[in-house]
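Summary of the model geometry
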Amino acid sequence: MKSVALITEYNPFHNGHLYHAQQSKSMTQSDVSIAIMSGQFVMRGEPAIYNKFVRAEMALSAVDIVVELPAYASMSAGQYFANSAIQVADYLDANHLSFGSESGNINEFHKTANEMKAIEQSPIFAQKQKEGKSYPRILGELLEHNELLKEPNNTLGLSYIQAINNLAPQITPWTIQRHQAHHHDDGITNHSFASGTSIRNALIANQNGWQNVVPSQIVQLYRHPKADTESCFPFIKHTVLTHDANQLRQIHTMSEGLEQRLKKVISASTSHSQLIDALKSKRYTRTHIQRVLMNVLLNFQQHEKPQTLDAVHILGMSKRGQAYIKHLKAQFPERNYITNINKQNAHLFKYEIQATNVYNNIFNNTATDFNTPVIIKK
């Protein structure tokens, strides 16, 4: 059985995701599609608008298997995020990886990835690192044709190509050009497609319009209680106030010096958005700060960041997906393909369970990793 992996957040699932899933399966001639999906918190440094179980059910309208991306990876950016996702794809023996991009030209990605590798091995790259310049800035200065680096999905796609080259060269990468809506669009302007940002804005504001840009057969799933970032603020503030700067310095993704700035401005901050504004600078982007704050909330420590993949948590499957997992278990009996978390295997998913507990405490959810069985699409 041929399989194609999709690295996703589905925050929430919409027609653009449906298009991507359908095109990926068709283009790669795969029998099975696998969504590797962020759990309760997403890379933007926000809680997912719906919990991972609801979003997995949404995704099963288009894919055969939904697997949870490890929580530390979901709360990371760049190469660690990409490496972790590719490790999961490899663990699931995926033949292909398909990602959305502004470019839509896979040859451009291969060419740029090779140029980036050559730059990383050059003496001038090492010199600029010693000068304290960031990786993106160095690439911007040294990469002659850096058009791909100017769009977020292109940049992420390059990270996937690098991860495949380094970790799983047997996986064939493909890319599909994003359809209609742009990544950062904050309003719904198209009758069929819209960005996740614009859909979240409409859902949280209880506005209409989103119904046209999500698959009609799963509209009812969007009625669930919605999570928002501002509700996290009191918990973040409490954590910052009760931890000293040295403790905050140990948090995953914490930039040097940001912990001091955070301690300085936290008392006067009365909302999440105000705190972000107080912390934002040329050195710290808004998205990076949001991610750091969520890692503070989750108490994700840098020294605990997983370096290996010992198991995958399968959130949902179609009948075809069940057959594929059965095939994998027979082919790789030593691997842990977990469909239901219990006391015996909970140690394999410490951080995912931790993220669910925090999410549920803030948003009064009752679906846990222990009481929610794997979703089987009829």
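Residues numbered from 1 in each chain as written. Predicted model: local features only at pLDDT ≥ 70, side-chain atom pairs only at ≥ 80, totals over all residues. Heavy atoms only, no water.

1. A short note on the pairing of strand β1 (residues 3-8)
Working note: regular strand, side chains alternate between the two faces of the sheet. Most of β1 sits out of view: six of its six residues are buried. Burial along β1 is two-sided: the face carrying S3, A5 and I7 and the face carrying V4, L6 and T8 are both buried. Across six bridges, the pairing between β1 and strand β2 (residues 32-37) is parallel. When the sheet's bridge partners are listed, I7 is paired in β2 with I36. Regarding the hand of the β-α-β motif, the stretch spanning β1, helix α1 (residues 15-28) and β2 is right-handed. (Buried < 20%, exposed > 50% of the residue type's maximum accessible area, 1.4 Å probe, protein only. Helix = DSSP H or I, 4+ residues; strand = E, 2+ residues; numbered from the N terminus. Pairing = 2+ DSSP bridges. Right-handed = clockwise from strand over helix to strand, strands pointing away.)

2. Section: the layout of surface pockets
Within this model, the second largest pocket holds a volume of roughly 460 Å³. Along its surface, the second largest pocket is lined by 25 residues, and P70, P306, T308, L309 and D310 are the ones closest to its centre. Mapped by element, the contributors of at least two residues to the lining of the second largest pocket are α3 (71-74), α4 (78-91), β8 (312-317) and α16 (350-363). A per-class count over the lining of the second largest pocket returns 13 nonpolar, seven polar and five charged. (1 Å grid on protein atoms, 1.4 Å probe; cavity = no way out; pocket = protein on both sides within 12 Å on 5 of 7 lines; lining within 4 Å. Points joined across faces, edges and corners; volume = space filled by probe spheres on them. Nonpolar A, V, L, I, M, F, W, Y, C, P; charged D, E, K, R; others polar.)

3. A closer look at the pattern of salt bridges
Taken as a whole and assessed by the stated rule, the structure comprises nine salt bridges. With its nearest N and O atoms 2.9 Å apart, the salt bridge here joins K128 to E141. Of the two residues, K128 is situated in helix α6 (residues 123-130) and E141 in helix α7 (residues 135-142); the sequence distance between them amounts to 13 residues. For K128, a relative accessible area of 13% corresponds to the buried category. Notably, a salt bridge pairs R286 with D277, separated by 2.6 Å at the nearest N-O pair. Among the residues examined, R286 registers a relative accessible area of 32% and is labelled partly exposed. (Salt bridge = Lys/Arg side-chain N within 4 Å of Asp/Glu carboxyl O.)

4. Focus on the side chain of D64
On the secondary structure map, D64 appears in the loop between α2 (52-59) and β5 (65-68). Within polar-contact distance, the side chain of D64 engages the side chain of K25 at 2.7 Å. From its side chain, D64 meets the backbone nitrogen of S33 in a polar contact 3.0 Å long. For D64, the contacting residues outside a window of four places in its chain are K25, D31, V32, S33, G316, M317, S318, R320 and G321. (Polar contact = N/O pair within 3.5 Å; in protein donor to acceptor, adjacent residues only side chain to side chain. Contact = heavy atoms within 4.5 Å.)

5. Let's talk about the environment of A194
For A194, the location among the structural elements is in the loop between β7 (172-177) and α9 (196-204). Along the primary structure A194 and S33 are separated by 161 residues, whereas in three dimensions their C-alpha atoms are 23 Å apart.

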